[in-house]
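Summary of structural features
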Amino acid sequence: MSSNEQHDIERNKTVARRYFEEFVDGRRLDVLEEIVAVDAADETRVGPGGTGTRDDFRLHAQSVWDNVKDLKITVTDLVAEADRVIVFWRIQGIQAGTLFGVPASGRAFTGHSISTLTIRDGQVVRYTVLPDRLGIIQQLSDSRL
């Protein structure tokens, strides 16, 4: 691998870490404008292969912010190759609104997720996530599944 390719991979990992630590956890909308392309696609909102806008990312994060009190996002690992970064991360908080169809319970929960970010020229152009839905639902529900 050339030093330029290694530099690009490290830059992409930095962008991915900033997405979670500064934007989602830190609630910094200015970071969103810096590191997410105007026409980027958040597949959680537009579906696989869909097209979208930066605003989809804001709406996705706003939903999390509205429904989880004491939110803490922690990046636990990053793996990158070419223009893709796989981010392993943890979400912790207290359910304040509906999550994965479960009405607000006021319960604390922890979930582990894996996200894929495609990054070009220092900006996220595509995002998808595989959340630990079952684990979170089990923690929030009155009965165990």
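All of the points below concern the structure found in this document.

One open sheet accounts for five strands, arranged β1-β5-β4-β3-β2; its pairing is mixed. If you trace the sheet from one side to the other, it starts and ends with β1 (36–42) and β2 (68–81), each paired once. Averaged over all neighbouring strand pairs, the angle between strand axes comes to 25 degrees, with direction disregarded. As paired elements, strand β3 (residues 84–95) and strand β4 (residues 108–120) share 11 bridges and run antiparallel to each other. Of the residues in β4, the one forming a bridge with R90 is H112. Here helix α1 (residues 3–25) sits on the sheet and contacts β1, β2, β3, β4 and β5 (123–130); the angle it forms with β2, its principal contact strand, is near 175 degrees. Lying on the sheet, helix α5 (residues 133–140) is in contact with β3 and β4; it crosses β4 at an angle near 155 degrees.

Here the focus is unusual backbone geometry. Its identity as a non-glycine residue notwithstanding, R27 has a phi of 55 degrees, on the positive side. Turning to its location among the elements, R27 is positioned in the loop between α1 and α2 (29–35). Although it is not a glycine, A82 sits at a positive phi angle of roughly 50 degrees. Take A82: it is sitting in the loop between β2 and β3.

The rules we used
- Residues numbered from 1 in each chain as written.
- Predicted model: local features only at pLDDT ≥ 70, side-chain atom pairs only at ≥ 80, totals over all residues.
- Heavy atoms only, no water.
- Pairing = 2+ DSSP bridges.
- Helix = DSSP H or I, 4+ residues; strand = E, 2+ residues; numbered from the N terminus.
- Axes fitted to C-alpha atoms, helices over the stretch in contact; angles between N-to-C directions.
- Contact = heavy atoms within 4.5 Å.

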